[in-house]
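# Fold and geometry: a report
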Amino acid sequence: MSNLFIIGNGFDIAHDLPTSYEDFHQYLIRKYPNAPNMRQSFNIKKIKMPDGTKEFNKDEVVAFLIDRISSMEKNGNNWCDIETSLGRLDYENYINELAYLSDKEIKALIRDEFEDGDFFMRGDGYDMLEHISNNLLEATIIIQELFSEWVNTIDISSTFPMNSFANLLNPSKDTFLTFNYTTVLEEIYGAEDVQHLHGIQNGEIIFGHGEEEKDGFSTFTFTTPPLLLLHSILKKDTESILSDHLYPFLDNLVENFFENSFEDDVFIEKIYTYGFSFSKVDLPYIKGICLSIDTSNVTWYLHTFHNDEERKRFKGIIEECGFKGRFDTFS
């Protein structure tokens, strides 16, 4: 009947689009040029605006985020796996700084965040420290807003199709599962049956880590609740994506096949993965596909961009996800 294409970010990058995590890093530096030169500190606080609302200084927040994410990235300032980094954020150095402050010093730091009455109603220094920890939480969550802003700046208007890929497709019959936010498949290749698992430009953007819950973040227990909440907020809700997007999409695919197929038709004969890294956070989707489709007669095609060792590793991962068919390559 049709082929299934599983598309990752390497596909957009192959079209010379600036969609890597390092491109996001550079976007932050360009938009907030003061951020790289700011000293990072636990003392991230809201500023009272002319209209009476309170907001963070975006340069300060971006400086803080760049510091925390870069410290978790395996290549430091060259970001390559920000979603994994978000699940491993470490605030211990910031919390250690707080431990050496007296109640009086803490109050002086956050006094301008409260109206006089509210300020003096607060409790001892531990309440103040919890307030600062909550500020760390709120500042970190802004990464989701910044990421969505960046995604919506990606322009595909000058993108051209690659003949090698276009020759593989039947845009009206093939099925596409994409982890990308752009509409390259639809607008450049004319693909009709496309499911964006993590959202789409100018719509909802799903972005987060896949790490398990942590037992705690610090020896200072007053910081644990807000930072555990942060870990939960930044975690990608894979189960909801599976139930709300992937499974209905596959169910609809099966229904359409049996309604319109002939006796000798094959449901899915080939699966192609292009630009997909098989990262831990996305493996539940591969398992979901292998559970929903009889893969015993399916050929899974891996791109020759990856070397033999990488393809061998990918094969092992795919088989662990339940794949029963054979493998081949395409270029």
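For every chain, the first residue of the written sequence is number 1, and numbering continues from 1 along that sequence. Only residues with pLDDT of at least 70 are given local features in this predicted model, and only at 80 or more are side-chain atom pairs given and counted; all residues enter the totals for whole chains, interfaces and linings. As a convention, hydrogens and water are excluded, and side-chain values are obtained from all of the structure's heavy atoms.

### Looking at the pairing of strand β5 (residues 193–196)
Stated precisely, the cut-off is as follows: Pairing between two strands requires that DSSP report at least two bridges joining them. Only DSSP runs of H or I covering at least 4 residues are called helices, and only runs of E covering at least 2 are called strands; the numbering of each starts at the N terminus. When the strands point away from the viewer, a crossover counts as right-handed if the path from the first strand over the helix to the second runs clockwise.
Two elements, strand β4 (residues 175–178) and β5, share 4 bridges in a ladder whose sense is parallel. Paired with F176 across the two strands is V194, which belongs to β5. Taken together, β4, helix α10 (residues 184–189) and β5 form a β-α-β motif whose crossover is right-handed.

### Comments concerning the environment of N135
Along the chain, the position of N135 falls in helix α8 (residues 125–151). Sequence separation between N135 and K46 is 89 residues; the distance between their C-alpha atoms is 8.1 Å.

### Looking at the nonpolar core
Note the threshold: Working definition of a nonpolar core: buried Ala, Val, Leu, Ile, Met, Phe, Trp, Tyr and Cys residues. They are joined through side-chain atoms within 4.5 Å. The classification of residues rests on relative accessible area computed with a 1.4 Å probe and restricted to protein chains. Under 20% of the type maximum is buried, over 50% is exposed, and intermediate values are partly exposed. It only takes one pair of heavy atoms within 4.5 Å for two residues to be counted as in contact.
Membership of the largest hydrophobic core comes to 35 residues, with the highest contact counts inside it found for F24 and I143. When residues of this core are traced back to their parent elements, those giving at least two are α2 (21–31), α3 (58–72), α4 (82–86), α8 and α11 (224–233). Top contributing element to this core by residue count: α8, with 9 residues. In this view, I143 contacts F24, L65, I69, I82, L86, F207 and L234; residues no more than four positions away in its chain are not counted. Ranked by size, the runner-up nonpolar core spans 30 residues in total, among them I268, L302, C321 and F323.

### So, the packing of α2 against α3
Defined as follows: A fitted line through C-alpha atoms serves as each axis, taken over the contacting stretch for helices, and the angle formed by two N-to-C directions is quoted from 0 to 180°. Roughly parallel means an angle under 35 degrees; roughly antiparallel, over 145; roughly perpendicular, 65 to 115; everything else is oblique. Helix crossings fall into two classes, left-handed where the near helix is turned counterclockwise from the far one by less than a right angle and right-handed where it is turned clockwise. Asp, Glu, Lys and Arg are counted as charged, while Ala, Val, Leu, Ile, Met, Phe, Trp, Tyr, Cys and Pro are counted as nonpolar; the rest, among them Gly, fall into the polar class.
Look at α2 against α3: their axes get within 11 Å of each other, and the N-to-C directions meet at 155°. In terms of their interaxial angle, α2 and α3 are classed as roughly antiparallel. Judged by the twist between their axes, the crossing of α2 over α3 is left-handed. Counting all contacts with α2, which are made through H25, L28 and I29, the residues of α3 involved are V62, I66 and S70. Across the contact of α2 with α3, the residue classes tally to 4 nonpolar, 2 polar and no charged.

### Some points on the layout of surface pockets
So the rule is basically this: Only protein atoms enter the 1 Å grid, on which a cavity is a set of points fitting a 1.4 Å probe that cannot get out and a pocket is an open set with protein on both sides within 12 Å along at least 5 of 7 lines, lining residues being those with an atom within 4 Å of a point. Grid points are joined across faces, edges and corners, and a volume is the space filled by probe spheres set on the points.
When its volume is computed, the largest pocket comes out at roughly 1400 Å³. Among the elements of the structure, α1 (9–14), α2, α4, α8 and α14 (308–320) are those that each provide at least two residues to the lining of the largest pocket. Examining the composition of the lining of the largest pocket, we find that 5 residues originate from one element, α1, more than from any other.

### Describing the confidence of the model for the protein chain
The criterion, for reference: A residue's pLDDT is the confidence the predictor assigns to it, expressed on a 0 to 100 scale.
Per-residue confidence for the protein chain gives a mean pLDDT of 83, with 80% of residues at or over 70. pLDDT under 50 marks residues 215–222. Its contacts with residues more than four places away, or in other chains, come to 20 contacts. Below pLDDT 50 for its whole length, residues 262–266 participates in 4 contacts with residues either more than four positions away or in separate chains.

### Thoughts on the packing of aromatic side chains
Condition: Two rings belonging to Phe, Tyr or Trp (six-membered ring only in the last case) form a pair when the distance between their centres is within 6.5 Å. Interplanar angles under 30 degrees mark stacking, angles over 60 mark edge-to-face geometry, and anything in between is tilted.
The tally for this structure, following the rule as stated, stands at 23 aromatic pairs. With a centroid separation of 5.2 Å and an interplanar angle of 85°, the aromatic rings of F24 and F147 are classed as edge-to-face. Taken together, the residues span a long stretch of sequence, with F24 in helix α2 and F147 in helix α8 at a distance of 123 residues. Judged on exposure class, the residue F24 and its partner F147 are both buried. Among the aromatic residues, those joined into a ring-pair cluster are F5, F11, F165, F176, Y189, Y272, Y274, Y301 and F330.

### Some words on the sheet that holds strand β6 (residues 268–274)
Taken together, 6 strands build an open sheet; the order of strands is β5-β4-β1-β6-β7-β8 and the sheet is parallel. Because the sheet does not close on itself, it has two edges, and the strands there are β5 and β8 (326–330). Going across the sheet, the axis of each strand differs from the next one's by a mean of 20°, ignoring polarity. Across 4 bridges, the pairing between strand β1 (residues 2–7) and β4 is parallel. The residue of β4 that forms the bridge with I6 is L177. Against the sheet, helix α13 (residues 283–292) makes contact with β1, β4 and β7 (299–303), and its axis sits at roughly 165° relative to β1, the strand it touches most.

### A word on the environment of V281
Here V281 is to be found in the loop between β6 and α13. In this structure V281 comes out as buried when scored by relative accessible area, which is 12%. Considering only alpha carbons, one finds V281 and K236, 45 residues apart in sequence, at a separation of 8.1 Å. Residues within four places of V281 in sequence aside, it is in contact with E83, G208, H209, G210, K236 and T238.

### As for unusual backbone geometry
The bulk of non-glycine residues show a negative phi, and the bulk of peptide bonds are trans. Here N202, not a glycine, exhibits a phi torsion of approximately 65°, which is positive. Within the secondary structure, N202 sits in the loop between β5 and α11. Taking relative accessible area as the criterion, N202 reaches 70% and is therefore assigned exposed. Within the chain, F278 stands out as a residue other than glycine whose phi angle is a positive 55°. Relative to the helices and strands, F278 resides in the loop between β6 and α13. Residue classification places F278 among the buried positions, given a relative accessible area of 3%.

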